[in-house]
Amino acid sequence: MKSILQELKTRVGSAVRRLDAEADPLVRASTEDQHGDYQSNCAMSLAKKLGRPPRSVAEEILRSLDIADLCEPPQIAGPGFINLRLRPDALASRLAAIPPAPSAGGDRLGIDPVEQRETVVVDLSSPNLAKEMHVGHLRSTVIGDCVCRILEFLGHDVIRENHVGDWGTQFGMLVAFLRRAQPDVLARPDSIAIADLEAFYIQAKALFDADPAFKKESQETVVALQQGDAATRLVWQAFCNESLRHCHRILDRLGVAVIDRGESFYNDLMPKVLDRLTRDGHAVESQGALCMFLEGFKTKEGEPLPLLIRKSDGGYNYATSDLATLVHRFETLGARRVIYVVGMPQKLHFEMLFAAAYKSGIAPATARLEHLAFGSMLAKSGAPFKTREGGTIKLKDLLDSAVARARQVIESSAAAAQGDAAGPIESSGSSEGADDPFAAAGPGDLAGPSAASVATRRSLTSAQMEDIAEVVGLAAVKYFDLSHNLAKDYRFDLDAMTSLEGNTAPYMLYAYARIRAIGRKAGVDYADLPAGEAMTLEHPSEIALARAVLRLPEILDQAAADLKPNLLTDYLYDLSKSFSRFYDRKLGVRVIDAPTPALRLSRLRLCDLTARALALGLSLLGIRTLEQM
RNA sequence: GCGCUCGUAGCUCAGUUGGAUAGAGCACCGGUUUCCUAAACCGGGGGUCGCAGGUUCGAAUCCUGCCGGGCGCACCA
């Protein structure tokens, strides 16, 4: 089924084209309810072009506009806006046409995949294996996963590439150090275990700086590694595997699937790509380095700035491996589109890389190369996000702190909801140590009752409580990240993201859980409700909710077209609010005890569709839903 | 110095190829509960959209120049 917006664009478009074959109908959702649900803004610009008064142009558009089955009679307002309000019966029949959710999962709410599917490579997460994943990897992982999920949902063939850093000089040092620290690594390469990769790296680096013999050993190891020495390679592989295990513990926890294909994978391809670029005359030598000179890039001194693809010492750098990677992605993986989910500071690099790829023909002219650049995650104070000592914060610790906070919030509100006499609730302790993300995250400072006692009172086992905290905590982190405009920096704020109020994951999850609870209370299984039959929408809150549910397809189109996850979060928040109003005791309607059986059924179906839209939207953000909170 | 990017309410942020009286949330003030989850809802105050010009029916949005923050600018990725 087409989205309502698409349908209106088609209808208004064909009316507008009678006046001007090329005019865009400019249909969009109205920002204010008084202006209807959708509006067309094309009459004003068209009037200018035709040299006629805009309102008369609007009137002429309306004369040939065939829309009575969908909308109330259109209104012309202001300078020439055409305001469209959807008819409740049209909303009702569209809702009724949504097929039931398949029991096997994969509910699409009747949204069709795109006609033209593409093979899209998304480069996401991509940490360096020398160290453990840290907070700097969160955004690429979360945003990349969301983009993949949206594109996958729309039917594209998405290849999620985890382009890990597993090659380069520091790996010589790490391999040499591993051989010293765990001498039996050659005998049992799969049994190595490094409890703390971060500490391991620091130790190795310290020894490298202090011990000339070890430094020499490290450098020899790099050479051996690059020459393909089997024993060295084995230890290197063991190290990388161990690091990847760390990595995938995090990714699994976040529910993010990727294909690991590190820089080393392209090692053999790099010289071939360089040969080809040299042979074709795209690469030239300058100051001993192999370079590609591209239009429009300048150095500080105003000289042409080349893309260096081989250092003067003969070594390769990341431009080299990125070009080789593109060769693989286009020629072997058959990509039509490559999306790099990488932070803003690398913008220049990607501009140059893309220019080089197009110029040299590595990227077909029809292919799309995109740098989905995002801003930095800052501390709550706005300072760089570091530990008090200035070190990097492990991603695992960050997630743990969010889960701990989520547990606190859930337990506190549960206690408050129970009218618990345990005293004032310590909603947060974050006023102190504002820069420390773990302030108040410890389990010891919980003012409310223990998890077990709350769980008991809410008839949840403590295992269920743990699960809820895990889901809510991770959802909070992801949602907070995705709800911000990608281009801007944002401040990591545990209190804000775990709040039950506002545009947060807990609010959304709560709305979902509420709806599921309504079904249980009503004694119906939503999955058994009849589809296809007529529904009734009469109350304003009911109509508004129906409209919100039916906007999901156009939001997904837009979010995919712009690669902007925050469009989806904003929509979900709006949907949740619409639901809360619908279910409000004052402004909403009765559901379970609706005045008639037909209304009860219709409203329960609306509840179900709302829950399904929420669940689908959240799933595309990489967020699990909960039946109970 | 050049380039990129951001600047919107006290705070954190939205704002769809330029659209109507610039929106939310938090915080603050007030209201709603014999009633399906009040973990909710409703209302209120609060803005020279960094500044100044320009483009036009219309500018937070596009152009120019300033101011302020961040990032980048030949061999680390």
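Our structure's up above, just so we're on the same page.
## A short note on the overall build of chain A
Thought 1: Scanning chain A from N- to C-terminus turns up 21 helices and 14 strands.
Thought 2: Taking the principal axes of the C-alpha coordinates as reference, chain A spans close to 85 × 70 × 45 Å.
Thought 3: In chain A, which comprises 629 residues, the share counted as buried stands at 50%.
Thought 4: Excluding contacts between residues fewer than 6 apart, the proportion of contacts in chain A whose partners are at least 24 apart in sequence is 73%.
Thought 5: Approximately 28,000 Å² of chain A is accessible, and the part contributed by carbon and sulfur atoms is 52%.
Thought 6: Averaging the locations of the 73 positively and 81 negatively charged side chains of chain A gives two centres separated by 3 Å.

## Brief notes about helix α18 (residues 540–550)
Thought 1: For α18, the tally of buried residues reaches nine of eleven residues, placing the bulk of the element in the interior.
Thought 2: Regarding α18, the residues found buried are S541, E542, I543, L545, A546, R547, A548, V549 and L550.
Thought 3: If you follow the buried residues of α18, they end up packed against α1 (4–16), α4 (88–96), α19 (552–562), α20 (565–582) and α21 (597–620).

## Digging into the sheet that holds strand β11 (residues 337–343)
Sheet strands line up and pair through hydrogen bonds in the backbone, either parallel or antiparallel.
Thought 1: Judged by pairing direction, the sheet is parallel, and its five strands sit side by side in the order β7-β6-β5-β11-β12 without closing on themselves. In this open sheet, the two edge strands, each paired with only one partner strand, are β7 (259–260) and β12 (368–374).
Thought 2: Contacts between helix α5 (residues 138–153) and the sheet are confined to β5 (119–123), β6 (157–162), β11 and β12, with β6 contributing the most and set at about 165° to the helix.

## Re the packing of aromatic side chains
Thought 1: Applying the stated criterion across every chain, the model contains 14 aromatic pairs.
Thought 2: Summarising the aromatic geometry, the rings of W167 and W236 are spaced 5.2 Å apart at their centres and angled 75° between planes, so their arrangement reads as edge-to-face. Residue W167 is found in the loop between β6 and α6 (169–181), and its partner W236 is found in helix α9 (residues 230–254); the two are separated by 69 residues along the sequence. Accessibility classification places W167 together with W236 in one group, the buried group.
Thought 3: Between the aromatic rings of F480 and Y490, the centroid separation amounts to 5.6 Å while the plane-to-plane angle is 70°, which identifies the pairing as edge-to-face. Of the two residues, F480 is situated in helix α15 (residues 462–482) and Y490 in strand β14 (residues 490–491); the sequence distance between them amounts to ten residues.
Thought 4: For Y490, a relative accessible area of 3% corresponds to the buried category.
Thought 5: Among the aromatic residues, those joined into a cluster by ring pairs are F171, F177, F200, F214 and F239.
Thought 6: The positively charged end of R108 is found above the aromatic ring belonging to F153, 4.1 Å away from the centroid.
Thought 7: One Lys or Arg, R261, reaches over the ring of F265 and ends 5.4 Å from the middle of that ring.

## Re the sheet that holds strand β10 (residues 304–310)
Thought 1: Strand order in the open sheet made by the three strands is β8-β9-β10, with antiparallel pairing throughout. A single partner strand is all that each edge strand has here, and the edge strands are β8 (284–286) and β10. Between one strand and the next, the sheet's axes are offset by a mean angle of 60°, whatever the strand orientation.
Thought 2: Here helix α11 (residues 318–332) sits on the sheet in contact with β9 (289–298) and β10, set at roughly 70° to β10.

## Thoughts on the nonpolar core
Thought 1: Counting 136 residues, the largest nonpolar core has I61, L95 and L568 as the members making the most contacts within it.
Thought 2: When near neighbours in sequence (up to four residues on either side) are disregarded, L95 contacts M535, L537, A546, V549, L550, L606 and L609.
Thought 3: I159, A324, A335 and A367 belong to the second-largest nonpolar core, a separate cluster that totals 34 residues.

## Regarding the pairing of β10
Thought 1: As defined by bridge partners, β9 adjoins β10 across five bridges and the pair is classed as antiparallel. Bridge pairing in β10 places C291 opposite L308.
Thought 2: The turn joining β9 and β10, which pair antiparallel and follow one another in sequence, is formed by five residues; a positive phi near 90° is taken by G302.

## Observations concerning unusual backbone geometry
Thought 1: You will see that S125, though not glycine, has its phi angle at about 65°, which is positive.
Thought 2: The topology assignment puts S125 in the loop between β5 and α5.
Thought 3: You can call S125 buried: its relative accessible area is 4%.
Thought 4: For Q287, which is not glycine, the phi dihedral falls at a positive 50°.
Thought 5: Tracing the sequence through the fold places Q287 in the loop between β8 and β9.

## Looking at the side chain of H349
Thought 1: Following the sequence through the fold, H349 ends up in helix α12 (residues 347–360).
Thought 2: Here H349 falls in the buried class, since its relative accessible area comes to 7%.
Thought 3: Excluding its chain neighbours within four sequence positions, the residues that come into contact with H349 are Y318, A319 and D322.

## Digging into the pairing of strand β4 (residues 81–84)
Thought 1: By the bridge criterion, three bridges tie strand β2 (residues 38–40) to β4 in an arrangement that is antiparallel. Residue pairing across strands places S40 opposite I82, the latter belonging to β4.
Thought 2: As paired strands, strand β3 (residues 75–77) and β4 are joined by three bridges and run antiparallel to one another. The residue of β4 that forms the bridge with I76 is I82.
Thought 3: Linking two consecutive strands that pair antiparallel, namely β3 and β4, is a turn of three residues; a positive phi of about 55° is found at G78 within it.

## Here we look at helix α3 (residues 54–63)
Thought 1: Listing the buried residues of α3 in full gives V57, A58 and I61. Summarising the axial view, the buried residues of α3 lie within an arc of 100°, below the 170-degree limit, and thus occupy one face.
Thought 2: Contacts made by the buried residues of α3 are with α1, α2 (42–50), β3 and β4.

## With respect to the environment of A15
Thought 1: Looking at the secondary structure, you find A15 in helix α1.
Thought 2: The exposure class assigned to A15 is buried, which follows from its relative accessible area of 0%.
Thought 3: Separated by 579 residues in the primary sequence, A15 and A594 have C-alpha atoms spaced 42 Å apart.
Thought 4: Here A15 is in contact with I61, S64 and L65, once residues within four sequence places are set aside.

## Considerations on the pattern of salt bridges
Thought 1: Scanning the model with the defined rule gives 45 salt bridges in all.
Thought 2: Between E118 and R368 there is a salt bridge, with the nearest N and O atoms lying 3.2 Å from each other. With E118 in the loop between α4 and β5 and R368 in strand β12, this residue pair connects regions lying 250 residues apart in the sequence.
Thought 3: On the basis of relative accessibility, which here comes to 37%, the residue R368 falls in the partly exposed class.

## Concerning the packing of helix α17 (residues 505–522) against α20
Thought 1: Following both chains from N to C, one finds α17 and α20 inclined at 40°, their axes separated by 10 Å at the closest point. Here α17 lies oblique to α20, going by the angle between them. The chirality of how α17 crosses α20 is left-handed. Listed contacts from α20 to Y507, M508, A511, R514, I515 and I518 of α17 are L572, Y573, S576, K577, F579 and S580.

Cut-offs used in this document
Here the residue numbering is sequential within each chain, running from 1 through the sequence in written order. Key to labels: chains lettered from A, ligands numbered from 1, both in the order written. Only residues with pLDDT of at least 70 are given local features in this predicted model, and only at 80 or more are side-chain atom pairs given and counted; all residues enter the totals for whole chains, interfaces and linings. The basis for every side-chain value is the complete set of heavy atoms in the structure, and neither hydrogens nor water enter the calculation. Secondary structure elements are taken from DSSP: a helix is a run of H or I of four residues or more, a strand is a run of E of two residues or more, and numbering for both begins at the N terminus. Between buried and exposed lies partly exposed: a residue is buried under 20% and exposed over 50% of the maximum accessible area for its type, with that area taken using a 1.4 Å probe on protein chains only. Whether two residues touch is decided by their heavy atoms; if any such pair falls within 4.5 Å, the residues are in contact. For the accessible areas, the method is Shrake-Rupley and the probe is 1.4 Å, while residue cover comes only from the protein chains on display. Counted as positive: Lys and Arg. Counted as negative: Asp and Glu, with His and the chain ends omitted from the count. Throughout, a charge is located at the NZ atom of Lys, the CZ atom of Arg, the CG atom of Asp or the CD atom of Glu. We call two strands paired when DSSP finds no fewer than two bridges between them. For helices, the axis comes from a line fit to the C-alpha atoms of the stretch in contact; other axes are also lines fit to C-alpha atoms, and the angle between any two N-to-C directions lies between 0 and 180 degrees. Geometry of aromatic contacts follows a simple scheme: Phe, Tyr and Trp rings, the Trp one being its six-membered ring, pair when their centres are within 6.5 Å, and the pair is stacked under 30 degrees between planes, edge-to-face over 60, tilted otherwise. In our convention, an over-ring charge means Lys NZ or Arg CZ found within 6 Å of a ring centre and within 35 degrees of that ring's normal. Definition of nonpolar core: a set of buried residues of the types Ala, Val, Leu, Ile, Met, Phe, Trp, Tyr and Cys, connected through side-chain atoms within 4.5 Å. By construction, the arc corresponds to the directions joining the helix axis to the C-beta atoms. When a carboxyl oxygen of Asp or Glu lies within 4 Å of a side-chain nitrogen of Lys or Arg, that pair is called a salt bridge. Any angle that is under 35 degrees is reported as roughly parallel, and any over 145 degrees as roughly antiparallel; angles of 65 to 115 degrees are reported as roughly perpendicular and all others as oblique. By definition, any crossing whose near helix is turned counterclockwise from its far helix by less than a right angle is left-handed, and any crossing with a clockwise turn is right-handed.

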